[in-house]
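Next come the chains, spelled out residue by residue.
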Amino acid sequence: MHETSIVNSIFRTLEQEFEVEKLNNMKAIHLKVGILSNIEPRLLYNAYEAFHMTNPIYQKVKLEIEMTELKIKCEICEHITNVKNYRFICDNCKKPSKNVIQGEEMLIHKVEFDD
Amino acid sequence: MVDKSTKAARGTVQCENTNINLLKANDFVADIIKKEMAKTGTLLINVTSSAGSGKTTLMQKTAEKLKDKIKIAVMVGDLETERDADRIRETGIQALQIVTGGICHLEAQMIHQVLDQFDLENIDLLFIENVGNLVCPSSFDLGEDYRVTLMATTEGDDKPKKYPKMFLTSDMMLVSKADLLPYVPFSVEAVTKDAQEVNHELEVIQISSLSDEGVDEWCDWLLEKIKQKKG
Ligand SMILES: Nc1nc2c(ncn2[C@@H]2O[C@H](COP(=O)(O)OP(=O)(O)OP(=O)(O)O)[C@@H](O)[C@H]2O)c(=O)[nH]1
Ligand SMILES: [Mg+2]
Ligand SMILES: [Zn+2]
């Protein structure tokens, strides 16, 4: 499943971003993922556990996942709408919009290191 | 979920606000693919759908219709077998199977790895047939110019709201197996309404590889996009 790829990608991305010594002191990874991202936290936590079996060096690193709701900002009237039932339509002026400002993210939001 | 770590800060913990896309490694490779395609003016189309919606059959049909006008090649992602690529080769165009070995989607890296097996200078249109599933492939940019999603009349018309990300990121929805419309409970109107509630820019063509309905319209769309890409 794609959760495994995502966990791999998280560590590949961090390895590009930080020095090895720093990564050795990594304590926690915080993800911010939107409900549109198709990430199911429970499955991702499972995949994360499984990853450690083959990659014990990151065993002690905690994973935190924050889910975000779906929001669009209207290009015409700038009104922000909480999208319900995947109707991408401005609450205020009723015009359709694809301008997603929240809910699509798949971010490594924050990384914690021990000093 | 509450951010526990900031509340329970103990000892000296150093925090870095990164905000990096967790698929950054994929998107980096997708950009490289885009640049390669720009060099040769090859149009890259990522074709997605649930399993069995008619992707390979449509590739065959499109190859038959267009192979005298333009040069087409296909990459086919599949969990285990070589069958789809064989089917496409029978129409006389180059097809390459990417066996994902159980991974349910294609990633940019997998495309990039096989790209040098194609003579891109001599290819106007390169299709990627993604692995059949509407979830995972939606998150992985393959450097495509357009994403085309098939929605077969046999799979029920509630897919757009079940898999919104795929429809939000697609440019074209092909309502496939349209020849079966008289026999199945499926409303093209309802599916179009739902899909365009998710993505109002989504184009829709009703198509059948069996009866040829919509195939000319689809081919014209492709030819137009190829023309635009060549500039
Ligand atoms: N009636 C009808 N059947 C079709 C049409 N297109 C494809 N099929 C049938 O649908 C089945 C699946 O078609 P494929 O083209 O293999 O579908 P696919 O999306 O490539 O399947 P996967 O690669 O396994 O996801 C085959 O039995 C086809 O003959 C169509 O337009 N009308
Ligand atoms: Mg196929
Ligand atoms: Zn508005």
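The paragraphs below set out a description of the structure included in this document. No experiment lies behind these values; they were computed from the predicted model shown.

1. A look at the coordination of the zinc ion (ligand 3)
Residues and elements named next belong to chain A. The zinc ion (ligand 3) binds to the protein through Cys74 (SG), Cys77 (SG), Cys90 (SG) and Cys93 (SG), with metal-donor distances spanning 2.3 to 2.4 Å. The coordination sphere of the zinc ion (ligand 3) comprises four donor atoms, whose angles at the metal cover 103 to 120°; the geometry is tetrahedral. Read N to C, the donor residues that coordinate the zinc ion (ligand 3) are spaced as C-x2-C-x12-C-x2-C. Under the relative-accessibility criterion, Cys74 is labelled buried at 4%.

2. Overview of the nonpolar core
In terms of nonpolar packing, the biggest core is built from 30 residues, with Ile45(B), Leu125(B), Phe127(B), Leu174(B) and Trp218(B) touching the most fellow members. Secondary-structure elements contributing two or more residues to this core are β2 (43-48), α3 (55-66), β3 (72-78), α4 (83-89), β5 (125-129), β6 (146-152), β7 (172-176) and α9 (215-230) of chain B. In terms of residue count, α9(B) provides more of this core than any other element does, six residues in total. When residues no more than four places from it in sequence are discounted, the contact partners of Phe127(B) are Ile45(B), Val47(B), Met59(B), Thr62(B), Ile72(B), Ala73(B), Val74(B), Met75(B), Trp218(B) and Leu222(B). Judged by nonpolar contacts, the second largest core, of 28 residues, contains Ile6(A), Val7(A), Leu31(A) and Ile39(A).

3. Regarding the interface of chain B and chain A
Listed per partner, the contact involves 38 residues of chain B and 43 residues of chain A. At the surface where chain B touches chain A, the tally comes to five salt bridges. Glu107(B) serves as the salt-bridge partner of Arg12(A), at 3.8 Å between the closest nitrogen and oxygen. Summed over the shared surface of chain B and chain A, the result is 17 residue pairs in polar contact (both at pLDDT 80 or more). For the side of chain B that touches chain A, the secondary-structure elements that each account for two or more residues are α1 (4-7), β1 (13-21), α2 (24-40), α7 (164-168) and α8 (188-198) of chain B. Of all the elements, β1(B) adds the most residues to the side of chain B that touches chain A, at nine residues. For the side of chain B that touches chain A, the per-class residue count stands at 15 nonpolar, 13 polar and ten charged. The sheet contact formed by strand β6 (residues 106-114) of chain A and β1(B) spans seven bridges and is antiparallel. Residue pairing across strands places Glu112(A) opposite Cys15(B), the latter belonging to β1(B).

4. Points about the site of ligand 1
All names here are of chain B. As a structural note, the neighbourhood of ligand 1 is formed by 18 residues, with Lys55, Thr56, Thr57, Arg87 and Asp179 the closest of them. In the model, an oxygen atom of ligand 1 is placed 3.2 Å from a nitrogen or oxygen of the Ser53 main chain. Between a nitrogen atom of ligand 1 and a side-chain N or O atom of Asp179, the distance comes to 2.8 Å. Its free accessible area being 650 Å², ligand 1 has 71% of it covered by the protein chains. Only α3 and α4 provide two or more residues apiece to the shell around ligand 1. Looking at which element gives the most residues to the shell around ligand 1, the answer is α3, with three residues.

5. Brief notes about a negative patch on the surface
Residue and element names in this part refer to chain B. On the surface, a cluster of negative charge is contributed by Glu203, Asp216, Glu217 and Asp220. Per-element tally for the negative patch: the top contributor is α9, with three residues. You can call Glu217 partly exposed: its relative accessible area is 49%.

Cut-off values and rules
- Residues numbered from 1 in each chain as written.
- Chains lettered and ligands numbered in written order.
- Predicted model: local features only at pLDDT ≥ 70, side-chain atom pairs only at ≥ 80, totals over all residues.
- Heavy atoms only, no water.
- Donors = N, O, S within 2.8 Å, 3.2 Å for Na, K, Ca; no water.
- Tetrahedral: all angles 85-135°; square planar, octahedral: opposite > 155°, others 65-115°.
- Buried < 20%, exposed > 50% of the residue type's maximum accessible area, 1.4 Å probe, protein only.
- Core = buried A, V, L, I, M, F, W, Y, C linked by side-chain atoms within 4.5 Å.
- Helix = DSSP H or I, 4+ residues; strand = E, 2+ residues; numbered from the N terminus.
- Contact = heavy atoms within 4.5 Å.
- Salt bridge = Lys/Arg side-chain N within 4 Å of Asp/Glu carboxyl O.
- Polar contact = N/O pair within 3.5 Å; in protein donor to acceptor, adjacent residues only side chain to side chain.
- Nonpolar A, V, L, I, M, F, W, Y, C, P; charged D, E, K, R; others polar.
- Pairing = 2+ DSSP bridges.
- Near = heavy atom within 4 Å.
- Areas by Shrake-Rupley, 256 points an atom, 1.4 Å probe, with all protein chains shown as cover.
- Patch = residues over 30% accessible without salt bridge, like charges linked within 9 Å, V, L, I, M, F, W, Y side chains within 5 Å.
- Lys, Arg positive; Asp, Glu negative; His and termini not counted.
- Charge placed at Lys NZ, Arg CZ, Asp CG, Glu CD.

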